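Examination of the molecular architecture
The lines below spell out each chain.
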Amino acid sequence: MKFDDLESKMRIYESAMDATVMPGMYMVARIDGRSFTRLTKEVHAFEAPFDIRFRDMMVETVKHLMHCGFNIVYGYTQSDEISLLFSLDEDAFSRKLRKYNSILAGEASAKFSLLLGAIGAFDCRIIALPNAGLVIDYFRWRNEDAHRNSLNGYCYWRLRQDKYTERQATRKIEGLSISAKNELLMGYGINFNDVPAWTKRGVGLTWEMVDKEGFNPKTKEVVVTQRRQIAADYELPMREAYSSYVAKLV
């Protein structure tokens, strides 16, 4: 069989399971660390419940993804997860899901591993959303999930520091209301309202235009041009204010 004929035959099987996101649909990539609980609590000595070193690695990974060839208008990270909002006009690889999933998981894994100095792997899924309202709801969901997990994390790890076992600490906070969890922390002298905002709400990354000064060797003049750069927001708002924040980006 000639090579061209063989290639045509096999391409059918290669692309048979291809799925694409329809034009006019918003795309959000959800990228999660694989077995990161073990990675961050057992394999590497990160501080619990939050570690600035780990946060910074995740932020740098998001920045890398926003520079890796796709038109990404917003990046968000909390804990070991990343969410990326693509421009509505994004059409790379004809919107084939296997391309986005494989490239983003690979790029995130490679960048984070370099920063960590060890292997850290991510998986990826693309979420297709039919309107801007659902995009806002998605990021509102992740923002509020960050808040819930943060409160639980502070309670759990403070109990562990107080010599509770894993099982005892888990049982202690199971079924507690939000106010009861806040009271538990207050009993240890911790006001949850005063903990760093990024530990409760995650970090948002957006593009901004900045002035950059240069020198024109032909005219011998100093010139100012505008460049795009990524800005990280460590003080994200919550609830309706965060919905408004995301709405401006969609």
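To start, this report covers the structure provided alongside it. Just so you know, these numbers come straight off a predicted model, no measurement behind them.

**A look at the overall build of the protein chain**
Along its length, the protein chain carries 9 helices and 6 strands. Overall size of the protein chain, expressed as C-alpha extent along the three principal axes, is 70 × 65 × 40 Å. Of the contacts made within the protein chain by residues no fewer than 6 positions apart, 68% connect residues no fewer than 24 positions apart. A total accessible area of about 14,500 Å² is found for the protein chain, and carbon and sulfur atoms account for 51% of it. A distance of 3 Å separates the average location of the 35 positive side-chain charges in the protein chain from that of its 33 negative side-chain charges.

**Section: the sheet that holds strand β4 (residues 122-129)**
What the 6 strands build is an open sheet, ordered β4-β1-β3-β2-β5-β6; its pairing is antiparallel. Each end of this open sheet is capped by a strand with a single partner; those strands are β4 and β6 (221-233). Strand-to-strand twist across the sheet, computed as the mean angle between neighbouring axes with direction ignored, equals 25°. Relative to β4, strand β1 (residues 26-33) runs antiparallel, the two being bridged by 8 bridges. Within β4, the residue paired with Gly-33 across the bridge is Phe-122. Sheet contacts for helix α5 (residues 132-161): β1, β2 (72-78), β3 (81-86) and β4; angle to β2, the most-contacted strand, approximately 20°.

**Focus on the pattern of salt bridges**
This structure, assessed with the given rule, holds 16 salt bridges. Measuring nitrogen to oxygen at the nearest pair gives 2.9 Å for the salt bridge that ties Arg-55 to Asp-56. Of the residues examined, Arg-55 reaches a relative accessible area of 17% and is grouped as buried. Residue classification places Asp-56 among the partly exposed residues on the basis of a relative accessible area of 30%. Ionic contacts of the salt-bridge type, sharing partners, join the residues Arg-30, Asp-32, Glu-81, Asp-123, Arg-125, Arg-142, Asp-145 and Arg-148 into one network.

**Remarks on the pairing of β2**
Among the 7 residues of β2, 6 are classified as buried, and the element is accordingly described as predominantly covered. In this structure, β2 lies alongside β3, joined through 6 bridges in antiparallel fashion. Looking at the pairing, Tyr-76 lines up with Ser-83 of β3. Here β2 folds back onto β3 in antiparallel fashion, the turn holding 2 residues, of which Ser-79 has a positive phi close to 55°. Pairing of β2 with strand β5 (residues 203-216) involves 4 bridges; the strand directions are antiparallel. Across the sheet, the residue bridging to Tyr-74 is Thr-206, located in β5.

**Points about the packing of α5 against helix α6 (residues 166-173)**
Between two packed helices, both the angle of their axes relative to each other and the distance between the axes serve to describe the pair. Two numbers describe how α5 lies on α6: the axes approach to 9 Å, and their chain directions differ by 135°. It follows from the interaxial angle that α5 and α6 lie oblique. In the crossing of α5 with α6, the sense of the turn from one axis to the other is right-handed. Taking contact as the criterion, the partners of Asn-152, Cys-155, Tyr-156, Leu-159 and Arg-160 in α5 are, on α6, Glu-166, Ala-169, Thr-170, Lys-172 and Ile-173. A breakdown of the residues in the contact of α5 with α6 according to their chemical character gives 5 nonpolar, 2 polar and 3 charged.

**Some details on the packing of aromatic side chains**
For the structure on display, the rule yields 20 aromatic pairs. Pairing Tyr-74 with Tyr-245 gives two aromatic rings, centres 6.1 Å apart and planes at 65°, and the pair type is edge-to-face. One end of the pair, Tyr-74, is in strand β2; the other, Tyr-245, is in helix α9 (residues 239-247), with 171 residues separating them in the sequence. Aromatic pair Tyr-76 and Tyr-242: ring centres 6.3 Å apart, planes at 50°, arrangement tilted. One end of the pair, Tyr-76, is in strand β2; the other, Tyr-242, is in helix α9, with 166 residues separating them in the sequence. Overall, the relative accessible area of 0% leaves Tyr-76 in the buried class. By relative accessible area, which is 0% here, Tyr-242 ends up buried. Put simply, the rings of Tyr-74, Tyr-76, Tyr-138, Phe-139, Trp-141, Tyr-242 and Tyr-245 touch in pairs and so form one group of aromatic residues. The side chain of Arg-142 reaches across the aromatic face of Trp-141, ending 4.3 Å from its centre. Against the face of Trp-207 rests Arg-228, its NZ or CZ located 3.8 Å from the ring centre.

The rules we used
For every chain, the first residue of its written sequence is number 1, and the numbers climb from 1 along that sequence. Per-residue local features of the predicted model are confined to residues with pLDDT of at least 70, and side-chain atom pairs are confined, for both listing and counting, to 80 or more; whole-chain, interface and lining totals are unaffected and use all residues. As a rule here, side-chain values come from all non-hydrogen atoms in the structure, and water together with hydrogens is ignored. For the purposes of this entry, the term helix denotes a DSSP run of H or I that reaches at least four residues, the term strand denotes a run of E that reaches at least two, and both are numbered from the N terminus. Should any heavy atoms of two residues lie within 4.5 Å, those residues are considered in contact. Residue-level accessible areas treat just the shown protein chains as cover; the underlying method is Shrake-Rupley with a 1.4 Å probe. Positive: Lys, Arg. Negative: Asp, Glu. His and the chain ends are not part of the count. Charged groups are reduced to one reference atom each: NZ for lysine, CZ for arginine, CG for aspartic acid, CD for glutamic acid. Only when DSSP finds a minimum of two bridges between them are two strands counted as paired. To obtain an axis, a line is fitted to C-alpha atoms, over the contacting stretch when the element is a helix, and the angle between two such axes runs from 0 to 180 degrees between their N-to-C directions. Should a side-chain nitrogen of Lys or Arg be within 4 Å of a carboxyl oxygen of Asp or Glu, the pair is scored as a salt bridge. Categorising residues by exposure relies on relative accessible area from a 1.4 Å probe, with only protein chains included: less than 20% of the type maximum marks a residue as buried, more than 50% marks it as exposed, and the intermediate range marks it as partly exposed. When describing relative orientation, an angle under 35 degrees is termed roughly parallel and one over 145 degrees roughly antiparallel, while 65 to 115 degrees is termed roughly perpendicular and anything else oblique. Helix crossings fall into two classes, left-handed where the near helix is turned counterclockwise from the far one by less than a right angle and right-handed where it is turned clockwise. Note that Gly is not counted as nonpolar here; it falls among the polar residues with everything else outside the nonpolar set of Ala, Val, Leu, Ile, Met, Phe, Trp, Tyr, Cys and Pro and the charged set of Asp, Glu, Lys and Arg. Ring pairs shown here join Phe, Tyr and Trp side chains whose ring centres sit within 6.5 Å, with only the six-membered ring taken for Trp; geometry is labelled stacked below 30 degrees between planes, edge-to-face above 60, and tilted in between. By the criterion adopted, a ring carries a charge over it if an Arg CZ or a Lys NZ lies within 6 Å of its centre and within 35 degrees of its normal.

Purely geometric stuff here, so don't read any function into it on its own.
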